[in-house]
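Letter by letter, the chains look like this.
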Amino acid sequence: MKSSANRYHRALALAVAVLLSVAGLFVGHWGFGKIKSVWELERIPAAPIDALLPGEVLVSGVIDQQDTLLTSRLTQQPAIYFRYLHEVEEGSGDDRRWRTVEDIQQAADFSISSGQKSLPVSVEATVDAIDWSLQVSASRSKGNHRYTEWLLRPNDSVSIFGWYALQAGEPVISFSEPGHYLPIVTTYGPGYEIQALGQGGVFILWAGMLLLGLAIYAVCYGLAIHRTLAFLTLLSMTMIALLLGLGLHTYKVDLSELVARWDRQVAAVDKEIGVIAKRNNQEWGGLTGSNSFVLLGDLAEADNRRISGLKSSLERAYLTNVYQMSLIPNRWLAPAWGIALTTPAAIQSGNLDALAGDIAESRPVAPLWIWIAMAIACLGSVLLTWFGLRAVKTKRWMENIPTSKIAGVAWGLNELNGVVEKYAGQSIRGPLSNADCCWFDYRVYERIKQGNKTSWKRIERRCESQQFLLRDDSGQALADPKDAEVISSHKKTRRQGNLRYTETSIRFGDPLYLLGVTRHSTAEAYPYVLGKGDSGEPCILSNRSEYEVLLRKSRLGLLLLNFAASALLLASLLLLTSTGVFSGLDFLTTALISTGYLFLLMLIMHYNDLVFLKHRAERCLANIDVAFQKRHDLLQNLIPVVKRFAAHEQELLGSLTRMRKQKGNSPAALPDRIKRLTSQSLIAGQFFGLREQYPELKQDQAALQLMENLTRLEDEIALMREGYNSAVETYLTRLGSFPDLIFARLFGFRSKDFVALAG
């Protein structure tokens, strides 16, 4: 039943991964589309009215007084445009929300003036298609009703992104023609609109990356992939693939549209000047001639001004396009794709540096909330990384420590599998299940209703534990579940009114996975007990398999690291919006930052693994030193006992005397330590032989007590020696594997020797 449920969850995760991938690609493409719109608006040069080129235009000016005006709904003021919003508040408490009752907007055609020239703007027919970016003019509240109004009035200064063309022989700005622009009427200025549009695109792009990251996580969940290296590699490859794939496609389309738009502008200017020349009975040789503008004879003042404006605007448009194509990576991609601007001989290239300075000055300063959001994203990335590494740390300990038999338990951190049995007939009863347990966690929750929301609040918790025995085919060991992290499949729930009771337990007879530290035991029959360590080592008990526990630990860590990478990506993109520059190089830099961060995470985890294994071996060796000192002190107490048998064993007495004269502290070098330990083992062996040889020594109480202490200490030393050798073996295995081999050489991790004591 459990296996069937796991298969169902994995299949569901893979299905969710497909949906998240499709959604991520769609949202990412949408975000790139927003950024592409920013590029399109940036290449529309601002121009005076008499110098506008046919097609997409950016013009700024003042709204003229009009004969026909609208009357606003809220303040009853005359206006060119108004939007009236009526909302009503519904719900209560935390569930309050505003519902729209009316949202009405109307606009009348108007004229915009710049200098001495005025130009009609057609908005009435396309009022709903235009983005009206205006400040709130009035806001009122009455009871639970709220009224808001936005106004555009005569004499207001506005900037317009629209389409300039001739309608019935007269020039007009409209918004119905398709083109590479967004229909915008704003009182904030073009720089503000471009930056706001770019900020929206950046957030949408980040949302797409987040969805794809979650898709990678779902794939790892469904395929039961728990390797952190594999997950981070997939995540980094996904980020690079999205930013490069969508980015390159967008750049190619955008550069092609840039050249096509330039060709249309050149053709339109050529045609319009030809019309002016024909009206003035002049010959027009086209823009291909080097002196084509000079070849025209005397014209009317208005025609001269128009031709001069067209020439100036065309040169600035050309300069803007050249500037766009000079940005990285456009300067490399355009030649590779065979995309190039045609340059009429009559166009003077001008100064690119001056244009770049003008563009930089026109960009508004990033608002404060961008910097606050960036700081929050950076802080969130740091915290999520810390919690993620902490969650993965236990999982990597499980991977680095081999599962051993109980008879081969080593000193330090151990991983065991066995069956739970009672220790000294002791047990506790589960409050709900009434089953014999060695550990249970009992909780009581009360359902609380606040407004329309219902939540469960814990009102009681009781956790009890009892030492138990863990048995496998090699023996049994004492274990202490106190303060351990328990993952159990025994969960019982009961509802009664507004109360909910839950119990999680570990029962006798359960197969158990145990990750814990070997400590000294006070039980006479068991020299050690397995439980939580004093140096932060974990203690995990679970009646689920080691593989299930490993997956559970990895999933939380990988999810947190996924969100940490996404938070850093958001911070990088927000930094991009703060500059007001949305070039391809910035997105490539963002991809490299994210990839570098993920590589750094991998480096940190592998480095921490090596440090852990190195310290584990050193701690085991230090335990041997402690045991060495204890046995050194204990063997000195043998001298009074052996003196009674000095006539028989002068050699043993001499050995003990020489040992007492030696310095008690352990030598620093491992060979000297082994030599000293070996000599002590020989002395202890001689004493055991002496005791067996002389019956009166067997009956000596001091000898009996020393014998028991020596026997326990010899078993403890053997356990510590096996623990050290096991730790060294794991450490050396990691030093010789890839990529730890590189990190070990990079950070100076050195090999360690095994301990082999003579009998």
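Parameters and conventions
Residues numbered from 1 in each chain as written. Predicted model: local features only at pLDDT ≥ 70, side-chain atom pairs only at ≥ 80, totals over all residues. Heavy atoms only, no water. Helix = DSSP H or I, 4+ residues; strand = E, 2+ residues; numbered from the N terminus. Buried < 20%, exposed > 50% of the residue type's maximum accessible area, 1.4 Å probe, protein only. Contact = heavy atoms within 4.5 Å. Areas by Shrake-Rupley, 256 points an atom, 1.4 Å probe, with all protein chains shown as cover. Salt bridge = Lys/Arg side-chain N within 4 Å of Asp/Glu carboxyl O. Phe/Tyr/Trp six-rings, centres within 6.5 Å; stacked < 30°, edge-to-face > 60°. Lys NZ or Arg CZ within 6 Å of the ring centre and 35° of its normal. Pairing = 2+ DSSP bridges. Axes fitted to C-alpha atoms, helices over the stretch in contact; angles between N-to-C directions. Core = buried A, V, L, I, M, F, W, Y, C linked by side-chain atoms within 4.5 Å. Polar contact = N/O pair within 3.5 Å; in protein donor to acceptor, adjacent residues only side chain to side chain. pLDDT = per-residue confidence, 0-100. Patch = residues over 30% accessible without salt bridge, like charges linked within 9 Å, V, L, I, M, F, W, Y side chains within 5 Å. Expected span 1.5 Å × (residues − 1). Bend = angle between axes of the 7 residues up to and from the residue. Disulfide = S-S within 2.5 Å.

**As for the overall build of the chain**
In step 1: Summing up its helical and strand segments, the chain has 15 helices and 25 strands in all.
In step 2: For the chain, the residues scored as buried account for 49% of the 759 residues in total.
In step 3: If you take every contact in the chain between residues at least 6 apart in sequence, the share linking residues at least 24 apart comes to 72%.
In step 4: When the accessible area of the chain is evaluated, it comes to approximately 36,600 Å², of which 54% is carbon and sulfur surface.

**Focus on the pattern of salt bridges**
In step 1: With the rule as written, the count across this model stands at 17 salt bridges.
In step 2: Note that K553 is salt-bridged to E485, the shortest N-O span being 2.5 Å. Taken together, the residues K553 in helix 8 (residues 546-579) and E485 in strand 20 (residues 485-487) connect sequence positions 68 residues apart.
In step 3: With a relative accessible area of 14%, K553 lands in the buried category.
In step 4: Owing to a relative accessible area of 34%, E485 belongs among the partly exposed residues under this scheme.
In step 5: The partner of E548 in a salt bridge is R544, with the nearest N and O atoms 3.9 Å apart.
In step 6: Residue class for R544 comes out partly exposed when judged on its relative accessible area of 25%.

**Quick notes on the packing of aromatic side chains**
In step 1: Following the criterion strictly, the structure yields six aromatic pairs and no others.
In step 2: Aromatic side chains Y84 and Y147 sit 6.5 Å apart centroid to centroid with 25 degrees between the ring planes, which places their arrangement in the stacked category. You can see Y84 sitting in strand 4 (residues 81-90) and its partner Y147 sitting in strand 10 (residues 145-152), a full 63 residues away along the chain.
In step 3: Given the relative accessible area of 7%, Y84 is considered buried.
In step 4: Ring geometry for W386 and F387: centres 4.9 Å apart, planes at 80 degrees, overall edge-to-face.
In step 5: Judged by its relative accessible area of 41%, F387 is partly exposed.
In step 6: One residue, R500, lies across the ring of W456, its end atom 4.6 Å from the ring centre.
In step 7: Sitting over the face of the ring of Y221, R555 holds its NZ or CZ atom 3.7 Å from the ring centroid.

**Topic: the sheet that holds strand 5 (residues 97-107)**
In step 1: One open sheet holds the four strands; their spatial order is 5-4-10-9, and the pairing between them is antiparallel. The strands lining the two open edges of the sheet, one partner per strand, are strand 5 and strand 9 (136-142). Geometrically, the sheet is characterised by an average inter-axis angle of 15 degrees between neighbouring strands, direction not taken into account.
In step 2: As paired strands, strand 9 and strand 10 are joined by six bridges and run antiparallel to one another. Of the residues in strand 10, the one forming a bridge with S139 is T148.

**Re the side chain of S37**
In step 1: As for its position among the elements, S37 is in helix 1 (residues 2-42).
In step 2: Relative accessible area serves as the criterion here: at 13%, S37 is assigned to the buried category.
In step 3: If sequence neighbours within four positions are ignored, S37 has contacts with L182 and L197.

**A word on the pairing of strand 7 (residues 117-121)**
In step 1: Bridge count between strand 6 (residues 110-114) and strand 7: five bridges; the pairing is antiparallel. Note that in strand 7 the partner of S111 across the bridge is P120.
In step 2: Here strand 6 folds back onto strand 7, and the loop between the two strands holds two residues, one of which, G115, carries a positive phi near 70 degrees.

**Examining the nonpolar core**
In step 1: Counting residues in each nonpolar core, the largest one holds 41 residues, and the members touching the most others are F231, L232, L573, Y597, L598 and L601.
In step 2: Elements with a minimum of two residues in this core: helix 1, helix 2 (190-222), helix 3 (228-279), helix 7 (368-400), helix 8 and helix 9 (584-636).
In step 3: In terms of residue count, the dominant contributor to this core is helix 8 (eleven residues).
In step 4: Excluding its chain neighbours within four sequence positions, the residues that come into contact with Y597 are S381, T385, A564, A565 and L568.
In step 5: Residues V57, A107, L134 and F175 belong to the second largest nonpolar core, which totals 27 residues.

**Remarks on the side chain of S159**
In step 1: Counting through the fold element by element, S159 comes out in strand 11 (residues 157-167).
In step 2: Looking at S159, its side chain comes within polar contact range of the side chain of S60, at 2.8 Å.

**Concerning the environment of W369**
In step 1: Following the sequence through the fold, W369 ends up in helix 7.
In step 2: The exposure class of W369 is partly exposed, given its relative accessible area of 42%.
In step 3: Other than its neighbours up to four places away in sequence, W369 contacts Q199 and F203.

**Structural notes on the confidence of the model for the chain**
In step 1: Here the chain shows a mean pLDDT of 78. Residues at 70 or above account for 78%.
In step 2: Contacts for the low-pLDDT stretch residues 663-667, under 50 throughout, to residues beyond four places or in other chains number twelve contacts.
In step 3: Long-range and interchain partners of residues 694-699, a stretch whose pLDDT sits below 50, account for 14 contacts in this model, where long-range means more than four residues apart.

**Considerations on unusual backbone geometry**
In step 1: Located in the positive-phi region is A424, a residue other than glycine, with phi close to 55 degrees.
In step 2: The topology assignment puts A424 in the loop between strand 14 (413-422) and strand 15 (428-429).
In step 3: A424 sits in the exposed class, given a relative accessible area of 62%.
In step 4: Phi angles above zero are rare outside glycine, and D483 is one such case at about 65 degrees.

**Considerations on a nonpolar patch on the surface**
In step 1: The grouping of L368, W371, I372, I376 and L575 at the surface amounts to a nonpolar patch, some 530 Å² of accessible area in total.
In step 2: Sort the elements by how many residues they give to the nonpolar patch and helix 7 lands first, with four residues.
In step 3: Mapped onto the secondary structure, W371 falls in helix 7.
In step 4: Since its relative accessible area comes to 42%, W371 is described here as partly exposed.

**A closer look at helix 7**
In step 1: Given a rise of 1.5 Å per residue, 33 residues ought to cover 48 Å, and the 47 Å separating the end C-alpha atoms of helix 7 matches this to within 8%.
In step 2: Along its length, helix 7 reaches its greatest deviation from straightness, about 25 degrees, at K393.

**Section: the environment of G425**
In step 1: Considering the arrangement of structural elements, one finds G425 in the loop between strand 14 and strand 15.
In step 2: On the accessibility criterion, G425 (60% relative accessible area) is exposed.
In step 3: Along the backbone, G425 and F468 are 43 residues apart, and their C-alpha atoms lie at a distance of 9.3 Å.

**Examining the environment of V382**
In step 1: With respect to the secondary-structure elements, V382 resides in helix 7.
In step 2: As for V382 and A565, which are separated by 183 residues in sequence, their C-alpha atoms are 9.5 Å apart.

**Concerning the state of the cysteines**
In step 1: Overall, the coordinates contain zero disulfides when judged by the stated rule.
In step 2: C438 supplies the cysteine sulfur nearest to C437, a cysteine that is in no disulfide, at a spacing of 7.3 Å.

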